[in-house]
Amino acid sequence: MRAAPPPGGGASRYAAADRGQASFPNTPGPEHGRWVINEVLLTLGFGLVSAAILSLSAVGFSLEYAVTNIANLSHGEILTVGAYAAYLVQRQTGSLLAAAIAAALAGGCLALAVHTTVIERFVSRGTPRMSIFIATLGLSFVIQNALVIIFGATNVAYSIPQGAPRHIGPFLWTPTEITILASAVAITAALYGIIHHTKFGKALRAVSQNRDLARVTGIHARRIAAATWFLAGLVAGYAGFVLAESVGTFNPYFGFSFFLITLAAAVAGGLGKAFSTMAGAVLVGIALQFTGAYVSSSYELAFAFAILALVILVRPRGLFSRGRLSVFE
Amino acid sequence: MSQYLVSVLTEGSIFTVMALGLNVIWGWGGDFDLAFYGYVALGAYMTLVLTIGRAVPPAEFILGLQLPYPLAVLLGALAAGLMGLVVGLIALRHLRGIYFSIVTLGAVYVLYVLAGQYVPLFDGYNGVSGLFDPMGSTFGLTYQTYQYFFLGLCIAVAVVVFLLLERLSGSRFGLALRSTREDERATAAFGRNIYWLKLRGYVLGAVVGGLAGGLFAGYLTAFNPSAWSPIETIVVYASILVGGKGNGRGVVLGVFLIAVLLQESTRFLPQVPNNPELVLALREMVIGLVLIAFIRLRPQGLLPERRHLDREGGPGTGGPPPLGAGASHAAPQVGSAEPDAS
């Protein structure tokens, strides 16, 4: 995952975790066993951070899918735009909080714009779903290249002092990572509250289950869909900010490459069900971190899709949904 | 100038072959296959490693044979077909629509990551190079005359592929494959094995893609991961969509408009000193916009596919094409397509 610590960084952090334990990694025995468990727990800790970012990105994608039935291939660009907005605002104000808010708002506005200018127009004209899917791929191309034209294709360094890593239970996290984890938990809780305990959430669920029936009962489906996309964009924009923060660098293609992992994770979890998607994303995020630690981080994307292919063959509707996919869907 | 024209035409004919291959998968079968550029790349890589001889350390890659170029191109196309078979076996079995696209996208990224990261395969990011003027020495051609020779070769291949596919398009196989695009359930009801039909179409498309890759390798003399990214497929898709999805002539027109005219028109724009990617980015942006605009305004393309109407019934129904009287040899094998219909 792009959120993985940079090469070398990971090793030094393992070393830090080992400090004062006088362990001998190559000597078999109880000490060795403890060392292995420690390492596994540390990897799990980093995996949780990656998984948090991945699940934020995936839940946005899933919400967009839920209300329009369109897999938005330009979702990654929402993350990219969030990262650029955060970078620009932070350079102006120097405040991380302002950067986070700017990222979320930029993401929300972009998602809303994509929905009202492209998706909704296609949907209301009865364009086949597959064609809209293709149009979002074109859109992703357009936004990426617009960013190249505005900012250039070069990498932007976005390094934030991470602070000294701290032990929390068996895990080792920097203050930045703790913020990321805490905010991901908070956002998930907020989303749960919105989706399951507000009138808007009820309408959202109705539109996602059956748009026409929802309209019959007096729900303004288009407005609900637009609001959901805005909400999804807020979350995705914020995800772009924390992703950029933890990777330390980004460019106009940065969101798209992360989106590919998001896509694998979201479909593995089950599309359109916000919390199944998140659970899938957490599992995939942790699995990828272990791949990165024990095989090679270069193969992460391939592994993500291998997991997806397995899941799709066994449970086509995703890990956490029942029922099989019909060929005639 | 004539040099330039020759290279543009060569590139155009290679893109035509590529687009014709994808048209079988997307235009006839209706499957939005994002793995397609992988077949082109595999064809190109295989052609290179089969012709340029043993790897000189530190470079390393598989095979390293010195076969004649035409044979290598055919073997490369075959390799692409094999990969298409594997991907198709997995992806076409239960998956349609976006699920199919996502799995094929995954497949092409697996190949992309392997080609870029697993050095013993195709020398990682360095890629494979050194295919200079294949067959040039056999015919005793100079550098100048060789360009014309290779252009002729590419045009000949494009014409042959076009004619073959046009023939196949009206055949029972072509019509049946298209009927799966319109209504799988109806096709299955007529006793066609959908999985088998789609798989054959998919492998055929992959083979043609691999063929285009082999020509591409001869044209570029080298291939590495920076020469292709999975997203390149979008240019080919835009060409097909603009020209007319499912219609061979339309596809040729689309390639001429998008892959040749649009790509080349930006070549003469002045370079912007502090943003070298600007012109390239503008071109790609225009391709994306054209794609969206055509889906919105003219999804059938400039030269729409001729709809096969029911010969018995009245005109204008626009229903699925007639399936011919040849149901006798196609044993009813609805079984493989049906189990998940519940």
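The model shown is predicted, which means the values in this text are computed figures rather than measured ones.

Undergrad: When you look at the overall build of chain A in this model, what are you seeing that I'm missing?
TA: A count of helical and extended segments in chain A gives 12 helices and four strands. The burial tally for chain A puts 51% of its 329 residues in the buried class.

Undergrad: Whenever I open this one, the overall build of chain B confuses me. Can you help?
TA: When its secondary structure is counted, chain B shows 12 helices and two strands. In sequence order, chain B lays out its α and β elements as α-α-α-α-α-β-α-α-α-α-β-α-α-α. Within chain B, the proportion of its 342 residues that are buried is 48%. Taking all contacts inside chain B whose residues are at least 6 apart in sequence as the whole, residues at least 24 apart take part in 77%.

Undergrad: Would you mind showing me how to read unusual backbone geometry here?
TA: Only a minority of non-glycine residues have a phi that is not negative, and only a minority of peptide bonds are not trans. All names here are of chain B. If you check the backbone angles, Leu63 has positive phi at about 60° while not being a glycine. By the element assignment, Leu63 lies in the loop between α2 (36-51) and α3 (69-94). One non-glycine residue with positive phi stands out, namely Asp123, at about 60°. Its location among the elements puts Asp123 in the loop between α5 (119-122) and β1 (128-129). For Asp123, a count of 21 C-beta atoms within 10 Å corresponds to the buried category.

Undergrad: Got a minute to help me understand the nonpolar core in this structure?
TA: In a soluble, globular protein the nonpolar side chains are often hidden away together inside. By size, the foremost hydrophobic cluster in this structure holds 212 residues, and its most contacted members are Ala83(A), Ala86(A), Ala103(A), Ala264(A), Ala304(A), Val17(B) and Tyr45(B). Among residues more than four places away in sequence, those in contact with Ala83(A) are Ala103(A), Gly240(A), Phe241(A), Leu243(A), Ala244(A), Phe250(A) and Phe254(A).

Undergrad: Mind showing me how you'd approach the domain arrangement of chain B here?
TA: A common measure of how large an interface is: the accessible area buried when the components associate. Residue and element names in this part refer to chain B. Domain annotation for chain B reports domain 1 (1-228) and domain 2 (231-306). Averaged C-alpha coordinates put domain 1 and domain 2 at centres separated by 20 Å. Between domain 1 and domain 2, the residue contacts involve 20 residues of the former and 16 residues of the latter. Elements with a contribution of two residues or more to the side of domain 1 that touches domain 2: α1 (2-28), α2 and α6 (143-169). It is α1 that contributes the most residues to the side of domain 1 that touches domain 2, 12 residues altogether. When grouped by side-chain class, the residues that make up the side of domain 1 that touches domain 2 number 14 nonpolar, five polar and one charged.

Undergrad: What am I meant to see in the interface of chain B and chain A here?
TA: On the side of chain A, 40 residues touch chain B, which itself brings 37 residues to the contact. Of all the elements in the fold, those that place two or more residues in the side of chain B that touches chain A are α3, α4 (97-117), α8 (184-189) and α12 (278-297) of chain B. For the side of chain B that touches chain A, the class distribution of residues is 24 nonpolar, six polar and seven charged.

Undergrad: Hey, could you run me through the packing of α6(B) against helix α9 (residues 194-220) of chain B in this one?
TA: Helix-helix packing is described using two parameters, namely the angle between the two axes and the distance between the axes. Residue and element names in this part refer to chain B. Contact geometry of α6 with α9 gives a least axis separation of 11 Å together with a crossing angle of 175°. By the angle between their axes, α6 is roughly antiparallel relative to α9. Along the contact surface, α6 presents Phe150, Cys154, Val157 and Val161, while α9 presents Val208, Leu211, Leu215, Gly218 and Tyr219. Grouping the constituent residues of the contact of α6 with α9 by class yields eight nonpolar, one polar and no charged.

Undergrad: Explanation requested: helix α11 (residues 248-265) of chain B in the structure shown.
TA: Along an α-helix, a turn takes 3.6 residues, which lines up residues three or four apart on a common side. Residues and elements named next belong to chain B. The end-to-end C-alpha separation of α11 is 24 Å, in line with the 26 Å expected for 18 residues at 1.5 Å each. The largest bend along α11 reaches roughly 25° and is located at Val255. In this structure, the buried side of α11 is in contact with α1, α6, α10 (233-243) and α12.

Undergrad: Which parts of the structure should I look at to understand the packing of helix α5 (residues 129-151) of chain A against α12(B)?
TA: As a packed pair, α5(A) and α12(B) sit with axes 8 Å apart at the nearest point and diverge in direction by 155°. It follows that α5(A) is roughly antiparallel to α12(B) by the angle criterion. Crossing of α5(A) over α12(B) shows left-handed handedness. Between α5(A) and α12(B), the residues in contact are Ser131(A), Ile134(A), Ala135(A), Gly138(A), Leu139(A), Phe141(A), Val142(A), Asn145(A), Ala146(A), Val148(A) and Ile149(A) and Leu278(B), Ala281(B), Leu282(B), Glu284(B), Met285(B), Ile287(B), Gly288(B), Leu289(B), Leu291(B), Ile292(B) and Ile295(B), respectively.

Undergrad: What's the story with the environment of Leu303(B) in this structure? I'm lost.
TA: Residue and element names in this part refer to chain B. One can find Leu303 in the segment after α12. Spatially, the C-alpha atoms of Leu303 and Val242 are 8.4 Å apart, while their sequence positions differ by 61 residues. Apart from the residues lying within four places of it in its own chain, the contact partners of Leu303 are Gly243, Gly244, Asn247, Arg249, Gly250 and Leu253.

Undergrad: What is the right way to look at the environment of Ile52(B) in this model?
TA: Residue and element names in this part refer to chain B. Residue placement: Ile52 occurs in the loop between α2 and α3. Separated by 188 residues in the primary sequence, Ile52 and Ile240 place their C-alpha atoms 33 Å from one another. Contact partners of Ile52, with chain neighbours within four places excluded, come to Val128, Gly130 and Leu131.

Undergrad: Mind showing me how you'd approach helix α4 (residues 96-124) of chain A here?
TA: Residues and elements named next belong to chain A. The terminal C-alpha atoms of α4, which comprises 29 residues, lie 40 Å apart, in line with the 42 Å expected from a rise of 1.5 Å per residue. Along α4, the sharpest change in direction is near 40° and occurs at His115. With its phi angle positive at about 75°, Gly126 sits one or two positions after the end of α4.

What counts, and at which threshold
Residue numbers restart at each chain and count upward from 1, following the sequence in its written direction. Numbering of ligands from 1 and lettering of chains from A proceed in the order in which they are written. At least 70 in pLDDT is required for a residue's local features to be given in this predicted model, at least 80 for side-chain atom pairs to be given and counted, and no such filter applies to totals for whole chains, interfaces and linings, which use all residues. To qualify as a helix, a DSSP run of H or I must reach at least 4 residues; to qualify as a strand, a run of E must reach at least 2; elements of each kind are numbered from the N terminus. Counting other C-beta atoms within 10 Å of each residue's C-beta, where C-beta atoms are placed from the backbone, gives the exposure class: buried for 20 or more, exposed for 12 or fewer, partly exposed between. Working definition of a contact: two residues with C-beta atoms, positioned from the backbone, lying within 7 Å. Only buried Ala, Val, Leu, Ile, Met, Phe, Trp, Tyr and Cys residues enter a nonpolar core, and they are joined through C-beta atoms within 7 Å. As used throughout, domain bounds are those supplied by an automatic or database domain assignment. Throughout, the ten residues Ala, Val, Leu, Ile, Met, Phe, Trp, Tyr, Cys and Pro are labelled nonpolar, Asp, Glu, Lys and Arg are labelled charged, and all others, Gly among them, are labelled polar. Working convention: axes come from line fits to C-alpha atoms, limited for helices to the stretch in contact. Angles between N-to-C directions cover 0 to 180 degrees. For classification purposes, an angle smaller than 35 degrees is called roughly parallel, one larger than 145 roughly antiparallel, one from 65 to 115 roughly perpendicular, and anything else oblique. In this analysis, the expected span of each helix is defined as 1.5 Å times one less than the number of residues it contains. The term bend refers to the angle at a residue between two fitted axes, each drawn through seven residues, those ending there and those starting there. Note on convention: the crossing is left-handed when the near helix lies turned anticlockwise from the far helix by less than a right angle, right-handed when the turn is clockwise.

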